[in-house]
Amino acid sequence: MDNSFITKFEYGAMLYENPRGVGCIKCHGKGNKAVVIARYKEKDKKTKKLVEKKIIAPAISNVSFKDFVDKLKSDKTESKVMPTYFLTTEEMKSLYYYIKNIK
Ligand code: HEC
């Protein structure tokens, strides 16, 4: 793809918001801190009391590029929450660059 008309940062921003799937931004926010994406109550098997549970999208600005790629290539079955994406290496590089540089 010829993307010389936009900067790497802008391209990464575009992918972060619209990566051919649910935007990363919807769960990870700015990526620099953990985000609670859902809260629910579940009955504890032993105590029979309702306990509050949370689903958290972790901060992603400090993961290594290798872990980042591993995560994005992982199959849906490995995560019950995060969707599976089909991004090229170039796209993952731009995304990673963007996440490292969001203010
Ligand atoms: C529907 C919510 C959701 C969306 C959308 C989402 N994620 Fe996630 N992500 C999660 C959750 C929850 C985790 C925690 C581990 C798990 O459940 O997979 C996670 C984990 C990660 C991790 C691993 C962090 C670590 O500490 O190892 C990375 C990297 C990541 N996400 C990047 C992305 C990127 C990049 C996108 C967009 C292409 C994205 N995520 C979209 C919910 C989401």
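Residues numbered from 1 in each chain as written. Predicted model: local features only at pLDDT ≥ 70, side-chain atom pairs only at ≥ 80, totals over all residues. Heavy atoms only, no water.

- For the protein, the name recorded in an unreviewed UniProt entry is Cytochrome C oxidase subunit III, with Halarcobacter mediterraneus as its organism.

**Quick word on the packing of helix α1 (residues 8-17) against helix α4 (residues 89-101)**
Then, in step 1: The N-to-C vectors of α1 and α4 enclose an angle of 100°; their axes lie 8 Å apart at closest approach. Comparing their axes, α4 and α1 come out roughly perpendicular. Residues K8, F9, Y11, G12, A13, L15 and Y16 of α1 form the contact with α4, whose own contacting residues are E91, S94, L95, Y97, Y98, I99 and N101.
Then, in step 2: Classifying every residue of the contact of α1 with α4 by side-chain character gives nine nonpolar, three polar and two charged. (Axes fitted to C-alpha atoms, helices over the stretch in contact; angles between N-to-C directions. Helix = DSSP H or I, 4+ residues; strand = E, 2+ residues; numbered from the N terminus. Parallel < 35°, antiparallel > 145°, perpendicular 65-115°, else oblique. Contact = heavy atoms within 4.5 Å. Nonpolar A, V, L, I, M, F, W, Y, C, P; charged D, E, K, R; others polar.)

**As for the coordination of the iron atom of the ligand**
Then, in step 1: Distances from the iron atom of the ligand to its protein donors, H28 (NE2) and M82 (SD), fall within 1.9 to 2.1 Å.
Then, in step 2: Taken together, the six donor atoms coordinating the iron atom of the ligand and their angles of 86 to 179° define a geometry best described as octahedral. You can see H28 sitting in helix α2 (residues 24-28) and its partner M82 sitting in the loop between α3 (65-73) and α4, a full 54 residues away along the chain. (Donors = N, O, S within 2.8 Å, 3.2 Å for Na, K, Ca; no water. Tetrahedral: all angles 85-135°; square planar, octahedral: opposite > 155°, others 65-115°.)

**Details of α1**
Then, in step 1: Taken residue by residue, α1 has Y11, G12, A13, L15 and Y16 as its buried positions.
Then, in step 2: Looking at the buried side of α1, the elements it contacts are α2 and α4. (Buried < 20%, exposed > 50% of the residue type's maximum accessible area, 1.4 Å probe, protein only.)

**Examining unusual backbone geometry**
Then, in step 1: Not every positive phi belongs to a glycine, and R20 is a case in point at roughly 55°.
Then, in step 2: One can find R20 in the loop between α1 and α2.
Then, in step 3: Note on R20: relative accessible area 54%, which makes it exposed.
Then, in step 4: Not every positive phi belongs to a glycine, and K48 is a case in point at roughly 60°.
Then, in step 5: Looking at the secondary structure, you find K48 in the loop between β1 (35-43) and β2 (50-57).
Then, in step 6: Looking at K48, the relative accessible area reads 58%, which means it is exposed.

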